[in-house]
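Fold and contact review
Chain by chain, the residues run as shown.
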Amino acid sequence: AQTVTQSQPEMSVQEAETVTLSCTYDTSESNYYLFWYKQPPSRQMILVIRQEAYKQQNATENRFSVNFQKAAKSFSLKISDSQLGDTAMYFCAFEGGSEKLVFGKGMKLTVNP
Amino acid sequence: KAGVTQTPRYLIKTRGQQVTLSCSPISGHRSVSWYQQTPGQGLQFLFEYFSETQRNKGNFPGRFSGRQFSNSRSEMNVSTLELGDSALYLCASRQGSDQPQHFGDGTRLSIL
């Protein structure tokens, strides 16, 4: 069974700074997807970024980028130029051949003015 | 394009009752998945429907069931409600297996 671990339950950062959220996972599959989702207090789960395991190039979406280390089974999210609107719960998720998302426990990020 | 729509937004029930939650996917999306989110267990997969067929099921008791209609709308039913069923129920839809899932705002179910 796949597992996703987010070891940091909570982090805070000052506006405009850069922050990195860590995630590790365990799987025996070779083809899979990894995701970061954001859940603000409005509670909608919003897709931040997706990485295909077969791609060596790290995914980027504007201020969001990932550091994907397949051999180490590590998938961290870097948020540059943090904004107040980035305050939310962040979930790391795995999707393999079963095509269902397996989520980590989440990490609460607070961006302070 | 409208997003995933879940109704109702909030629901209060008592133990032993049953409840039905509704999810309308993004137009053109044929796959609908349901997840339960609780503070203790986090986000857990319930089931997935594609073209009116249950394609995948999580580790939940038979009290949890679902269905999908020909227009891809999905309903989830929970019978004989227990206090532990209090949770945020999230629905997600996607166009195909190689596409990411997009979530609705969820239904907050409270059991008294």
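Residues numbered from 1 in each chain as written. Chains lettered and ligands numbered in written order. Predicted model: local features only at pLDDT ≥ 70, side-chain atom pairs only at ≥ 80, totals over all residues. Heavy atoms only, no water.

Digging into the packing of aromatic side chains
Both the distance between ring centres and the angle between the ring planes are used here to describe each pair of aromatic rings. Applicable threshold: Two rings from Phe, Tyr or Trp (for Trp, the six-membered ring) form a pair when their centres are within 6.5 Å of each other. A pair whose planes differ by under 30 degrees is stacked, one over 60 is edge-to-face, and the rest are tilted. In DSSP terms, a helix is any run of H or I states spanning at least four residues, a strand is any run of E spanning at least two, and both are numbered starting from the N terminus. Burial classification: accessible surface area is computed with a 1.4 Å probe over protein chains only, and a residue below 20% of its type maximum counts as buried, one above 50% as exposed, and the rest as partly exposed. By definition here, charges over rings are those cases where NZ of Lys or CZ of Arg is within 6 Å of the ring centre and within 35 degrees of the ring normal.
What the rule picks out here adds up to 16 aromatic pairs over all chains. Centroid distance B:Y35 to B:F103: 5.6 Å. Interplanar angle 50°. Geometry classified as tilted. Here B:F103 lies in strand 10 (residues 102-103) and B:Y35 lies in strand 4 (residues 31-38), a separation of 68 residues in the sequence. Accessibility classification places B:Y35 together with B:F103 in one group, the buried group. By the ring-pair criterion, three or more aromatic residues cluster together here, those being A:Y33, A:F35, A:Y37, A:F91, A:F103, B:Y35, B:F45 and B:F103. A cation over a ring is seen here: B:R55 above B:F50, with NZ or CZ 4.6 Å from the ring centre.

Details of the sheet that holds strand 3 (residues 19-24) of chain B
Residues and elements named next belong to chain B. Selection criterion: DSSP bridges decide pairing: two strands pair if at least two such bridges lie between them. Axes here mean lines fitted to C-alpha atoms, for a helix over just the part in contact, with angles spanning 0 to 180 degrees between N-to-C directions.
Spatially, four strands are ordered 1-3-8-7 in an open sheet, and the strand pairing comes out antiparallel. Edge positions in the sheet fall to strand 1 (5-7) and strand 7 (64-68), since each has one partner strand and no second. Taking the axes of each pair of neighbouring strands and ignoring which way they run, one obtains an average angle of 20° across the sheet.

Describing the nonpolar core
Going by this rule: Nonpolar cores were defined as sets of buried Ala, Val, Leu, Ile, Met, Phe, Trp, Tyr and Cys residues, with membership established by side-chain atoms within 4.5 Å. Contact definition: two residues touch when any of their heavy atoms are within 4.5 Å.
If you look at the biggest cluster of nonpolar residues, it comprises 27 residues, and the most contacted ones within it are A:W36, A:L77 and A:Y90. Elements that contribute at least two residues to this core include exactly strand 3 (19-21), strand 5 (33-39), strand 6 (46-52), strand 8 (64-69), strand 9 (74-79), strand 10 (88-95) and strand 12 (107-112) of chain A. Look past the residues within four positions of A:L77 in its chain and what remains in contact with it is A:V19, A:T20, A:L21, A:W36, A:V48, A:I49, A:F64, A:S65, A:V66 and A:Y90. Formed by 21 residues, the second largest nonpolar core is a distinct cluster that contains B:L11, B:M76, B:Y89 and B:I111.

Shape descriptors only; they carry no functional weight alone.
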